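A look at the structure
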Amino acid sequence: MALVVISGQPSSGKSRAAQCLAEALKESESRQQVRIIDEACFHLDRNQSYANMPSEKNLRGVLRSEVDRSVSKDSIIIVDSLNNIKGYRYELWCLARASGIRYCVVYCDVDETHCRKWNEERREKGEANYDDSIFEDLVRRFEKPDRRNRWDSPLFELWPHRDPTEKSSAAIVDAVSYLTKTVDSKTRDVKILQPTIATQTSRFSDANSLYELDKATQEVTNAIVEAQSQALGGPLNGISVGKDLPAINISRSVGLPELRRMRRTFIKLTGQTSLSGPAPPSDADSAKRMFIDYLNRELGSS
């Protein structure tokens, strides 16, 4: 019924926070089923996993795939990892939205000095730690959660260097309340993510439909890339990709990697089963229209 993303600098007490939250949820009146997904689940060494960008990308892919398989309306999934890239947190948020469940971020806000000290102490004790070069690289690239971003909200903050993390910590108590509170028509402080049109569409069982969807979304992506090259990074408004199709209106420059990621997410969400959803697009124009609507909603100025 929920996805919880733990975020923080390396050696900032994230695993402690995840464990305290899991125990508090299990002890709550609702007796929730809770599962923690982390690197240890796959016997992955942290230094090897963050040694270079391909390894780090593979790690995120493994964790994301496991989250995708595990999220449901019957349990709470806690992702205990750095989750240091905002684009990656957005991808996890999309998975929660596609499943129609609650979502929140628990952030261990610890300054670099304390993280570095704790990492060295773990090394002296022979506990799992980060190599100095990897630690410094991760600290430099960390993108702090911002509650103004929908994929970082609601945000529950812990300060382990100041107040040791316990099940009774204010942020843990608040998170448990948010994750277990009964929702009715009068509830205003709990948000259950709602699937978009892309997530409500029936699964593509026909290989030709998958081909048409892939081809149509690629044409839209190519149109955006070409328009951006002509606009020199400015906002894109009124880009047409065909007669009787909505215009593309993007409020900022979007890099090719992000476009590819959004395209993959859209194709995946569009292929998910929904018995009550509308019929899948029967032609290329329908697929383009859905993808353009998705992009305008995610990246548009309105």
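Note that the structure is predicted; figures quoted are calculated from it, not measured.

1. Examining the overall build of the protein
Within the protein, the secondary structure is distributed over 10 helices and seven strands. The buried share of the protein, taken over its 302 residues, is 48%. Split by element, the accessible area of the protein, about 15,200 Å² in all, is 47% carbon and sulfur.

2. Concerning the nonpolar core
Counting residues in hydrophobic clusters, the biggest one holds 55 residues, and the most contacted among them are Leu3, Val67, Tyr103, Ile248 and Leu295. Contact partners of Leu3, with chain neighbours within four places excluded, come to Val67, Val71, Ile77, Val79, Leu92, Ala96, Ile101, Arg102, Tyr103 and Cys104. Judged by nonpolar contacts, the second largest core, of 25 residues, contains Leu21, Cys104, Val106 and Tyr178.

3. What about helix 10 (residues 284-299)?
Residue pairs three or four apart in sequence face the same way in an α-helix, which turns once every 3.6 residues. If you check helix 10, its first and last C-alpha atoms are 22 Å apart, about what 16 residues at 1.5 Å a residue would give, namely 22 Å. If you check which residues of helix 10 are buried, you get Ser286, Ala287, Lys288, Met290, Phe291, Ile292, Tyr294, Leu295, Asn296, Glu298 and Leu299.

4. As for the side chain of Thr217
Among the structural elements, Thr217 can be located in helix 8 (residues 207-231). Under the relative-accessibility criterion, Thr217 is labelled buried at 0%. A distance of 2.9 Å separates a polar side-chain atom of Thr217 from the backbone oxygen of Leu213. Of note is the side chain of Thr217, whose polar atom sits 3.0 Å from the side chain of Arg263. Apart from the residues lying within four places of it in its own chain, the contact partners of Thr217 are Arg263, Phe266, Ile267 and Phe291.

5. What to know about the state of the cysteines
Under the defined criterion, the tally for this structure stands at zero disulfides. Considering cysteine sulfurs only, Cys115 is the nearest to Cys108, which forms no disulfide, with 9.0 Å between them.

6. A look at the sheet that holds strand 4 (residues 102-108)
Taken together, the five strands give an open sheet; going across it, the order is 2-3-1-4-5, and neighbouring strands pair in parallel fashion. Every other strand in the sheet has two partners, leaving strand 2 (34-38) and strand 5 (155-158) as the edge strands with one partner each. Geometrically, the sheet is characterised by an average inter-axis angle of 20° between neighbouring strands, direction not taken into account. The pairing of strand 4 with strand 5 spans four bridges and is parallel. Paired with Val105 across the bridge in strand 5 is Leu155.

7. Let's talk about helix 5 (residues 112-124)
Across its 13 residues, helix 5 extends 18 Å between first and last C-alpha, which sits within 8% of the 18 Å expected from 1.5 Å per residue. One side-chain oxygen at the N-terminal end of helix 5 lies 3.1 Å from the backbone nitrogen of Thr113; it belongs to Asp111. Where helix 5 ends, the next residue or the one after it, Gly126, has phi of about 80°, a positive value.

The rules behind the values
- Residues numbered from 1 in each chain as written.
- Predicted model: local features only at pLDDT ≥ 70, side-chain atom pairs only at ≥ 80, totals over all residues.
- Heavy atoms only, no water.
- Helix = DSSP H or I, 4+ residues; strand = E, 2+ residues; numbered from the N terminus.
- Buried < 20%, exposed > 50% of the residue type's maximum accessible area, 1.4 Å probe, protein only.
- Areas by Shrake-Rupley, 256 points an atom, 1.4 Å probe, with all protein chains shown as cover.
- Core = buried A, V, L, I, M, F, W, Y, C linked by side-chain atoms within 4.5 Å.
- Contact = heavy atoms within 4.5 Å.
- Expected span 1.5 Å × (residues − 1).
- Polar contact = N/O pair within 3.5 Å; in protein donor to acceptor, adjacent residues only side chain to side chain.
- Disulfide = S-S within 2.5 Å.
- Pairing = 2+ DSSP bridges.
- Axes fitted to C-alpha atoms, helices over the stretch in contact; angles between N-to-C directions.

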